[in-house]
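This is what each chain is made of:
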Protein chains: 2
Amino acid sequence: MDVFDALHTRRSIRKYLQKGIPEDLVQQILAAAMMAPSAGNERPWQFVLVSEQEKKEQIKAAHPYAGMMANAPLGILICGDLTKQKHEGFWVQDCSAAMQNLLLAAHASGLGAVWTGIYPVEDRVKQFSTIFNLPEQIIPFGLAVMGWPDQSSKTPERFDPSRIHRNTWQGG
Amino acid sequence: MDVFDALHTRRSIRKYLQKGIPEDLVQQILAAAMMAPSAGNERPWQFVLVSEQEKKEQIKAAHPYAGMMANAPLGILICGDLTKQKHEGFWVQDCSAAMQNLLLAAHASGLGAVWTGIYPVEDRVKQFSTIFNLPEQIIPFGLAVMGWPDQSSKTPERFDPSRIHRNTWQGG
């Protein structure tokens, strides 16, 4: 798939067919995520693949916007690894770039996915840390819920020229 | 360009030819950035295009890693717009996704770019706010420095299987 097509047609997909995702495709998607840029190339990320039904149900109970996890073949939890951080505070941005790569790679592969936010909501961070037995320095950042799409996809364009300024702030 | 090719071959480019970037290409890149996902589709971003030499020199003076701005045809400053935030604290992730889309769109267009971090470094936030006369609710997030590449590009693969865990945390 062409890059611009992917950027413009990717959208959040929350309904999935009951059909698994081949392991080699999962690896390709993770490889794409790990190619994201990061501050000082620190790559402060870890990935937890979620395929067990019990874990999926725990996620559904823990996260107000991740109910579809229970019916999805795969979740990918991205965590920030503070032990790898060189530039303080940038791990959130690094993990976000990895997440966006992951979503684009999934979309380009015909999968549908949605990014559900965890950090910085304290209660969610606590619950995901417990569910996945995360050490103190590993922070649950965000969860991609993923599967073969079972919903039609239309993407309204979001271009808004009022958001563009030149050389200084313009407007209110 | 194919999506996976783009994801794997994009890298930070810091040397540029002395050649401008057509306005319609800049608009395409901004449109791609604005297609990023955001929490609750809040789209809390603003973009300041930097083309004036005086502003470029001010950036060079303000940011320890953005010296190349002085010799680049274009900078794109992404700002978080707190007035548009629905889910507190997620604007950083939203702006990061927009930045990653922007970098991929630039790369797919033959341009080279590099993401230089501003937020959450207090001193940089203060200086960029002054340079661009930003209102209190507009937070300078990150700067993409951009131009036609004048350096060769090799990208080491970053795939690391030790970062992948299954259904629970594994390893130290």
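Above this note sits the structure.
(A) Main features of the overall build of chain A. A count of helices and strands for chain A gives 5 helices and 5 strands. Element order for chain A, N to C, with α for helix and β for strand: α-α-β-α-β-α-β-α-β-β. By the compact-globule yardstick of 16 Å for 172 residues, chain A fits well, its C-alpha radius of gyration being 17 Å. In terms of its C-alpha atoms, chain A occupies a principal-axis envelope of roughly 50 × 40 × 30 Å. Split into buried and exposed, the 172 residues of chain A put 52% on the buried side.

(B) Region of interest: the pairing of strand β1 (residues 45-50) of chain A. For β1 of chain A, a buried count of 5 out of 6 residues is recorded, marking the element as mostly surrounded by other parts of the structure. Pairing of β1 of chain A with strand β5 (residues 164-166) of chain B involves 3 bridges; the strand directions are parallel. Bridge pairing links V48 of chain A to H165 of chain B in β5 of chain B.

(C) Region of interest: the pairing of strand β4 (residues 138-147) of chain B. All names here are of chain B. Burial analysis of β4 places 10 of its 10 residues in the buried class, which makes it a mostly covered element. Pairing of strand β2 (residues 74-81) with β4 involves 8 bridges; the strand directions are antiparallel. Residue pairing in the sheet places C79 in a bridge with P140 of β4. The pairing of strand β3 (residues 112-117) with β4 spans 6 bridges and is classified as antiparallel. Looking at the pairing, T116 lines up with L143 of β4.

(D) View of the sheet that holds strand β2 (residues 74-81) of chain A. Strand order in the open sheet formed by 5 strands is β3(A)-β4(A)-β2(A)-β1(A)-β5(B), and the pairing between neighbours is mixed. Single-partner strands in this sheet number two, and they are β3 (112-117) of chain A together with β5 of chain B. The mean angle between the axes of side-by-side strands here comes to 25°, regardless of whether they run parallel or antiparallel.

(E) Fine view of helix α2 (residues 23-33) of chain B. Three or more residues of α2 of chain B are buried, namely V26, I29, L30, A31, A32 and A33 of chain B. Among the structural elements, α1 (3-9) and β5 (164-166) of chain A together with β1 (45-50), β2 and α4 (91-108) of chain B are those in contact with the buried residues of α2 of chain B.

(F) Just the relation of the copies chain A and chain B, in detail. Between chain A and chain B, which share one sequence, the superposing operator has a rotation angle of 180° and an axial displacement of 0.0 Å; the RMSD is 0.0 Å. Taken together, the turn and the small shift mark the pair as related by a two-fold rotation axis. Comparing contact sets, 100% of the residues at the interface of chain A also lie at the interface in chain B, consistent with an isologous, same-surface contact.

(G) Expanded view of the packing of helix α3 (residues 53-62) of chain A against helix α5 (residues 122-131) of chain A. All names here are of chain A. As a packed pair, α3 and α5 sit with axes 10 Å apart at the nearest point and diverge in direction by 165°. On the basis of the axis angle, α3 is roughly antiparallel to α5. Crossing of α3 over α5 shows right-handed handedness. Residue-level inspection shows K55, Q58, I59 and A62 of α3 in contact with α5, the latter providing R124, Q127, F128 and I131. The residue makeup of the contact of α3 with α5, split by class, is 4 nonpolar, 2 polar and 2 charged.

So, how was this worked out
Residues numbered from 1 in each chain as written. Chains lettered and ligands numbered in written order. Predicted model: local features only at pLDDT ≥ 70, side-chain atom pairs only at ≥ 80, totals over all residues. Helix = DSSP H or I, 4+ residues; strand = E, 2+ residues; numbered from the N terminus. Rg over C-alpha atoms; globule rule 2.2 N^0.38 Å. Buried ≥ 20, exposed ≤ 12 C-beta atoms within 10 Å, placed from the backbone. Pairing = 2+ DSSP bridges. Axes fitted to C-alpha atoms, helices over the stretch in contact; angles between N-to-C directions. Contact = placed C-beta atoms within 7 Å. Least-squares fit on C-alpha atoms with pLDDT ≥ 70 in both. Parallel < 35°, antiparallel > 145°, perpendicular 65-115°, else oblique. Left-handed = near helix turned anticlockwise from the far one by under 90°. Nonpolar A, V, L, I, M, F, W, Y, C, P; charged D, E, K, R; others polar.

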